[in-house]
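Spelled out, the chains give:
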Amino acid sequence: MVKEEKEDSSLFDELMAKNILVSTDKNYLILFKNISISMYGARAWAFTLQQIALKKGEKYIFDLGYLMGKDSAEEVNETFKKLGVFLSKEIKKITSIIEATGFGITEITSYIPKKRVELKIIKNPILEFGKELYGEKSDICLFYAGVYSGFISNFLDLKDCKLAIKECISKGDKNCSFYYEK
Ligand SMILES: [Zn+2]
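Small disclaimer: the values here were computed from a predicted structure and weren't measured. (Residues numbered from 1 in each chain as written. Predicted model: local features only at pLDDT ≥ 70, side-chain atom pairs only at ≥ 80, totals over all residues.)

Each helix and strand counted, the chain has six helices and seven strands in total. A buried classification covers 29% of the 182 residues belonging to the chain. Expressed as a percentage of contacts within the chain between residues at least 6 apart in sequence, the contacts between residues at least 24 apart total 55%. (Helix = DSSP H or I, 4+ residues; strand = E, 2+ residues; numbered from the N terminus. Buried ≥ 20, exposed ≤ 12 C-beta atoms within 10 Å, placed from the backbone. Contact = placed C-beta atoms within 7 Å.)

On the secondary structure map, F178 appears in strand β7 (residues 177-181). Judged by local crowding, F178 falls into the buried class, with 25 C-beta atoms found within 10 Å. Each C-alpha atom of the pair F178 and A164 lies 5.4 Å from the other, and the pair is 14 residues apart in sequence. With residues up to four places along the chain from it excluded, the contact list for F178 reads L119, A145, Y148, L163, A164, I165 and K166.

Here we come to helix α3 (residues 58-83). Turn by turn, an α-helix covers 3.6 residues, leaving residues three or four places apart pointing in a common direction. Taking 1.5 Å of rise per residue, the 26 residues of α3 would be expected to cover 38 Å, and the 38 Å separating its terminal C-alpha atoms lies within 8% of that figure. Buried within α3 are the following residues: I61, F62, G65, Y66, G69, S72, A73 and V76. Once α3 ends, the next one or two residues include G84, with phi positive near 75°. (Expected span 1.5 Å × (residues − 1).)

Another aspect to go through is unusual backbone geometry. Positive phi, close to 65°, is recorded for K114, a residue that is not glycine. Relative to the helices and strands, K114 is located in the loop between β4 (105-112) and β5 (116-123). Overall, the presence of 9 C-beta atoms within 10 Å leaves K114 in the exposed class. Positive phi outside glycine occurs at D160, with the angle close to 55°.

Another point: the sheet that holds strand β6 (residues 164-167). In spatial order, the strands read β4-β5-β7-β6; together these four strands make up an open sheet with antiparallel pairing. Each end of this open sheet is capped by a strand with a single partner; those strands are β4 and β6. Across the sheet, the mean angle from the axis of one strand to that of its neighbour is 25°, orientation sign disregarded. Note that β5 and β7 share five bridges and pair antiparallel. In the sheet register, E118 faces β7, and the bridge partner there is Y179. (Pairing = 2+ DSSP bridges. Axes fitted to C-alpha atoms, helices over the stretch in contact; angles between N-to-C directions.)

Of all residues in the chain, 77% attain a pLDDT of 70 or more, and the chain-wide mean is 84. A low-confidence stretch, residues 1-6 (pLDDT under 50), is modelled with zero contacts involving residues beyond four sequence positions or located in other chains. (pLDDT = per-residue confidence, 0-100.)

Turning to the packing of α3 against helix α6 (residues 140-155), a few remarks are in order. Here α3 crosses α6 at 35°, and the two axes come no closer than 6 Å. As for how α3 packs across α6, the hand of that crossing is right-handed. The residue makeup of the contact of α3 with α6, split by class, is 14 nonpolar, eight polar and four charged. (Left-handed = near helix turned anticlockwise from the far one by under 90°. Nonpolar A, V, L, I, M, F, W, Y, C, P; charged D, E, K, R; others polar.)

A few words now on helix α4 (residues 91-100). Burial in α4 covers these residues: I94, T95 and I98. Seen from one end, α4 has its buried residues packed into an arc of 95°, which puts them on one side. Across from the buried face of α4, at angles greater than 90 degrees, the exposed residues are K92 and A100. Looking at the buried residues of α4, the elements they touch are β4 and α6. One or two steps after α4, the chain reaches G102, where phi turns positive at roughly 90°. (Arc of directions from axis to C-beta.)

Here it is in structure tokens:
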């Protein structure tokens, strides 16, 4: 066991020495001076989601996102229930849950229970790769419109929320944002 760890760290040292892996600060590593190594998953996700959208269409990629958002929300609900924690329908909690489940940093910018909601993305590396790889042809936002709709339908007082895209970084806007109004 000890021997393996030693071999791993020497490979790591070798990559560092050859400048293939570069540390920019304490907790950030850059591969080939270009892509943060922690972002490789995000790039692969961007590629995969775009391929699904191209092959299956806009409704399919939205519905897939909705299914994932709904499933994650239900999973969180079950876990809290087991712990005896009651989740109130607060907008701050929903964005914390979205972030904790790995669907990016978001902000609810407007919310009227049973009537209207608006959500803005602050940080989502997969969407940023989508913009970089596909420009305005990126369909990845449709997936996230579905994901966040799934969360909102579960956690806010807005059943069957189906978010539409309002702004998108791929179209040149500053942030991606979504809205839904009954
Ligand atoms: Zn977008």
